[in-house]
Structures are given as C-alpha cells and as structure tokens.
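Analysis of the macromolecular model
The residues making up each chain are set out below.
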Amino acid sequence: ETPYYKLLQALERYQVDGLVDVKGKVVPGVQRTRALGLLLSIWEEEQVRFKERLKLSFKEADSDGDGQLDFDEFRSLVRKVEPTADDRRVINMFLQGIGEGNSLSPATFADVVLKYGIMSL
C-alpha cells in the first residue's frame with residue numbers, strides 16, 4: 001500500500017457535495033485545508049520511514065562497525081539497491097560524499113543517497 005494510495009483513500013472521506021462547472025455539471029470538490037493537512041501528515045510519516053531505512057542500510061553496510069562507510073562497504077550497498085550501477089558512477093558518488101576524509105559518515109551518506117537517488121522514498 002503506497003503513500004499515494006493511502007492519500008487517495010483518505011481524500012475520499014473529505015469530498016464535499018461539489019462545485020458546478022461552466023457546463024452545469026457537478027464536479028466533486030475536496031476540502032483543501034483537510035486535504036493538505038492529510039497530505040502533509042502522510043509525507044511526514046514517509047520521511048520518518050525513509051530515515052529509518054537509511055539508518056538501517058548504513059548500519060548493515062558498515063561491516064567493520066566503525067560508524068563510517070569505506071569505499072568497499074559503500075560499493076556493496078550501492079550494488080544491492082542499484083545492481084546495474086557502473087564503477088564510474090559508484091566512484092563518483094563516493095568521491096562526492098567523502099570530502100576531505102576517506103569514508104562516508106552517516107550524514108554524508110544521507111546526502112549522497114538523496115543527491116543521487118540511490119534509495120527511493
């Protein structure tokens with residue numbers, strides 16, 4: 001059940017009698033404030049779930065448990081979620097994230113994931 005499906009289900013509860021268009025046909029309407037509030041709450045729930053998946057993925061990929069991802073750990077993780085990623089792409093993503101160090105912290109890992117869309121929401 002996707003977040004969008006949940007939203008559609010929930011919006012059905014907030015339909016009002018409707019509006020009349022220029023041809024005199026009744027067009028169902030939605031109470032905007034409630035719909036936007038509902039959309040925001042679903043988005044927030046998905047953000048929390050995504051952050052938890054990021055933390056879990058990082059922890060699973062951190063095979064030596066040092067709290068950082070070296071290149072081999074990062075490459076293994078990328079290959080799990082994006083098996084067709086070529087080495088050049090993986091290297092580029094890693095280099096963009098490491099800055100001055102030689103590994104990815106949880107924060108820089110999250111930045112790389114979001115920038116390159118490695119894991120989808």
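Right above here is the structure, for reference.
A brief report on the enclosed structure follows. (Residues numbered from 1 in each chain as written. Predicted model: local features only at pLDDT ≥ 70, side-chain atom pairs only at ≥ 80, totals over all residues. Heavy atoms only, no water.)

So, about the overall build of the chain. A count of helices and strands for the chain gives five helices and two strands. In the chain, which comprises 121 residues, the proportion classed as buried is 31%. Long-range pairs, those at least 24 residues apart, make up 47% of the contacts in the chain between residues at least 6 apart in sequence. Looking at the chain as shown, the accessible area adds up to about 8700 Å², and 55% of this sits on carbon and sulfur atoms. (Helix = DSSP H or I, 4+ residues; strand = E, 2+ residues; numbered from the N terminus. Buried < 20%, exposed > 50% of the residue type's maximum accessible area, 1.4 Å probe, protein only. Contact = heavy atoms within 4.5 Å. Areas by Shrake-Rupley, 256 points an atom, 1.4 Å probe, with all protein chains shown as cover.)

What follows covers the nonpolar core. Among the nonpolar cores identified, the biggest contains 21 residues, and Phe74, Met93, Leu104, Phe109 and Ile118 are the most heavily contacted of them. Mapped onto this core, the elements with two or more residues apiece are helix 2 (32-61), helix 3 (71-81), helix 4 (87-98) and helix 5 (106-116). (Core = buried A, V, L, I, M, F, W, Y, C linked by side-chain atoms within 4.5 Å.)

What follows is about helix 5. Among the residues making up helix 5, those that are buried are Phe109, Ala110, Val112, Val113 and Tyr116. Take helix 5 and look down its axis: the buried residues cluster within an arc of 160°, on one side only. Exposed and oriented more than 90 degrees from the buried face of helix 5 are Ala107, Asp111, Leu114 and Lys115. Immediately beyond the C-terminal end of helix 5, within one or two residues, lies Gly117, with a positive phi of roughly 60°. (Arc of directions from axis to C-beta.)

This part covers the packing of aromatic side chains. Applying the stated criterion to the full structure yields three aromatic pairs. Here Phe71 and Phe94 contribute two aromatic rings whose centre-to-centre distance is 5.3 Å and whose plane-to-plane angle is 75°, an arrangement assigned as edge-to-face. Taken as a pair, Phe71 in helix 3 and Phe94 in helix 4 lie far apart in primary sequence, 23 residues in all. On the accessibility criterion, Phe71 (23% relative accessible area) is partly exposed. Three or more aromatic residues joined by ring pairs make a cluster, and in this case those are Phe71, Phe74 and Phe94. (Phe/Tyr/Trp six-rings, centres within 6.5 Å; stacked < 30°, edge-to-face > 60°.)

Another point: the packing of helix 4 against helix 5. For the pair helix 4 and helix 5, the least separation of the axes is 9 Å and the interaxial angle reads 130°. Between helix 4 and helix 5, the crossing angle belongs to the class labelled oblique. Crossing of helix 4 against helix 5: the hand is right-handed. Taking contact as the criterion, the partners of Arg89, Asn92, Met93, Gln96 and Gly97 in helix 4 are, on helix 5, Thr108, Val112, Lys115 and Tyr116. By residue class, the composition of the contact of helix 4 with helix 5 is three nonpolar, four polar and two charged. (Axes fitted to C-alpha atoms, helices over the stretch in contact; angles between N-to-C directions. Parallel < 35°, antiparallel > 145°, perpendicular 65-115°, else oblique. Left-handed = near helix turned anticlockwise from the far one by under 90°. Nonpolar A, V, L, I, M, F, W, Y, C, P; charged D, E, K, R; others polar.)

Let's shift gears to the packing of helix 3 against helix 4. Interaxial distance between helix 3 and helix 4 falls to 10 Å at its minimum, and their mutual angle equals 125°. Judged by the angle between their axes, helix 3 and helix 4 are oblique. In this structure, helix 3 crosses over helix 4, and the sense of that crossing is right-handed. Contact residues: Phe71, Phe74, Arg75, Val78 and Arg79 in helix 3; Asp87, Val90, Ile91, Met93 and Phe94 in helix 4. In terms of residue class, the contact of helix 3 with helix 4 is made up of seven nonpolar, no polar and three charged.

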